[in-house]
Amino acid sequence: MGSAAGEFLRRVLPEKEKAGLSDHSSSGLEELHVLAVDDSHVDRKVIERLLKISSCKVTAVESGTRALQFLGLDGEESSVGFDGLKINLIMTDYSMPGMTGYELLKKIKESKAFKKIPVVIMSSENILTRIHRCLEEGAEEFIVKPVKLSDVRRLRDFIMRGEENRKKGNNHKRKLQDDYGMSPPLSPAPSLALDCEISSLLLPSSSSSSSPECHPSKRPRLRVED
């Protein structure tokens, strides 16, 4: 049953993206494929929209179990070794029923096929012990929600530099924090209006107007300390 579900996800979800949830690829640039995992329908749609605006192909699933099925890591013999699957980045929520983002991260890092793929953890809670645990397990970054357009574009640029360096044979140093210091920067002011506009498209007007994303002073800061 798990194998069949995984094969269905691998085959059908990309077709849905081609049919209606289409990608917006930049001319001359290789399209990046991002697997987004979040049990919240609204958060999943927001992340999906932000990624597509940033010229990324997106596969969105609602749980860690579905993500493992899509990757062929669900433990079924027929699902192992899906060599044709190209994933450049995995973004997963931390708090999900059944399997947390941390547990999904561990499964991915234990996989020979996908352990080098950068994994970004997202959470609405800024808990330092949780952040440190995920980073120590191999997460590329820990983003405090709401995810912003500037976050997605920064991740995209980082991944693209890594892809270019690998093609040139250069040693691309992982860890996004190394590029931006100990704590990734908050979104610059010019992108805030666009972020709020995206939220208004997905949420009722009353919800979007009160969202902390549209009030920078209420937005939590991510601090990662030694």
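See the structure shown above.
A brief look at the structure comes next.

Attention now moves to the pairing of strand S1 (residues 32-37). Burial runs high along S1: six of the six residues are buried. Of the two faces of S1, the one lined by Leu32, Val34 and Ala36 and the one lined by His33, Leu35 and Val37 are each fully buried. Here S1 pairs with strand S2 (residues 56-61) via six bridges, running parallel. The partner of Val37 across the bridge, within S2, is Val61. In this fold, S1 hands off to helix H2 (residues 41-53), which returns the chain to S2; that crossover is right-handed. The sheet contact formed by S1 and strand S3 (residues 89-93) spans four bridges and is parallel. Within S3, the position partnered with Ala36 by the bridge is Met91.

With that out of the way, let us pick up the packing of aromatic side chains. For the structure on display, the rule yields zero aromatic pairs. In this arrangement the basic side chain of Arg133 is found over the ring face of Tyr102, its NZ or CZ atom lying 4.1 Å from the centre.

Our focus in this paragraph is helix H4 (residues 101-109). Within the span of H4, buried status applies to Gly101, Tyr102, Leu104, Leu105, Ile108 and Lys109. Taken around the axis of H4, the buried residues stretch over an arc of 160 degrees, which confines them to a single face.

With that settled, consider the sheet that holds S3. Read across the sheet, five strands follow the order S2-S1-S3-S4-S5 without closing on themselves; strand pairing throughout is parallel. Strands at the two margins of the open sheet, each flanked by one partner only, are S2 and strand S5 (141-144). Going from strand to strand, the sheet's axes swing by 20 degrees on average, the running direction of each strand aside. Here helix H5 (residues 128-137) sits on the sheet and contacts strand S4 (119-123) and S5; the angle it forms with S5, its principal contact strand, is near 150 degrees.

The next subject is empty space enclosed by the protein. A complete count under the given rule lists two cavities of 30 Å³ or more for this structure. If you add up the space inside the second largest cavity, you get close to 40 Å³. Together, Leu32, Val34, Leu51, Cys56, Leu89, Met91, Val152, Leu155, Arg156 and Ile159 line the second largest cavity. When residues of the lining of the second largest cavity are traced back to their parent elements, those giving at least two are S1, S3 and helix H6 (149-168).

Put simply, Lys145 and Pro146 share a cis peptide bond, and its omega is 5 degrees. Within the element layout of this structure, Pro146 appears in the loop between S5 and H6. Positive phi values are uncommon outside glycine, yet Ser55 reaches one of about 65 degrees. When you line up the elements, Ser55 lands in the loop between H2 and S2. The exposure class assigned to Ser55 is buried, which follows from its relative accessible area of 17%.

Time to look at the nonpolar core. Formed by 26 residues in total, the largest nonpolar core has its most connected members in Leu35, Leu71, Ile87, Ile90, Ile121 and Cys134. Those elements that provide at least two residues to this core are S1, helix H3 (64-71), H4, S4 and H5. The contact partners of Cys134, leaving out residues within four places of it in the chain, are Tyr94, Tyr102, Leu105, Ile121, Ala139 and Phe142. Among the nonpolar cores identified, the runner-up in size contains 21 residues, and Val46, Cys56, Leu149 and Met160 belong to it.

Here we come to the packing of H2 against H6. Relative to each other, H2 and H6 sit at 55 degrees, their axes nearing to 9 Å. One element, H2, and the other, H6, form an angle in the oblique class. Taken as a pair, H2 and H6 cross one another with a handedness that is right-handed. Touching Leu50, Leu51 and Ile53 of H2 are Leu149, Val152 and Arg153, all from H6. Split into classes, the residues belonging to the contact of H2 with H6 amount to five nonpolar, no polar and one charged.

Quick notes on the rules
- Residues numbered from 1 in each chain as written.
- Predicted model: local features only at pLDDT ≥ 70, side-chain atom pairs only at ≥ 80, totals over all residues.
- Heavy atoms only, no water.
- Buried < 20%, exposed > 50% of the residue type's maximum accessible area, 1.4 Å probe, protein only.
- Helix = DSSP H or I, 4+ residues; strand = E, 2+ residues; numbered from the N terminus.
- Pairing = 2+ DSSP bridges.
- Right-handed = clockwise from strand over helix to strand, strands pointing away.
- Phe/Tyr/Trp six-rings, centres within 6.5 Å; stacked < 30°, edge-to-face > 60°.
- Lys NZ or Arg CZ within 6 Å of the ring centre and 35° of its normal.
- Arc of directions from axis to C-beta.
- Axes fitted to C-alpha atoms, helices over the stretch in contact; angles between N-to-C directions.
- Contact = heavy atoms within 4.5 Å.
- 1 Å grid on protein atoms, 1.4 Å probe; cavity = no way out; pocket = protein on both sides within 12 Å on 5 of 7 lines; lining within 4 Å.
- Points joined across faces, edges and corners; volume = space filled by probe spheres on them.
- Core = buried A, V, L, I, M, F, W, Y, C linked by side-chain atoms within 4.5 Å.
- Parallel < 35°, antiparallel > 145°, perpendicular 65-115°, else oblique.
- Left-handed = near helix turned anticlockwise from the far one by under 90°.
- Nonpolar A, V, L, I, M, F, W, Y, C, P; charged D, E, K, R; others polar.

Note that all results are geometric; they support no functional claim without further evidence.
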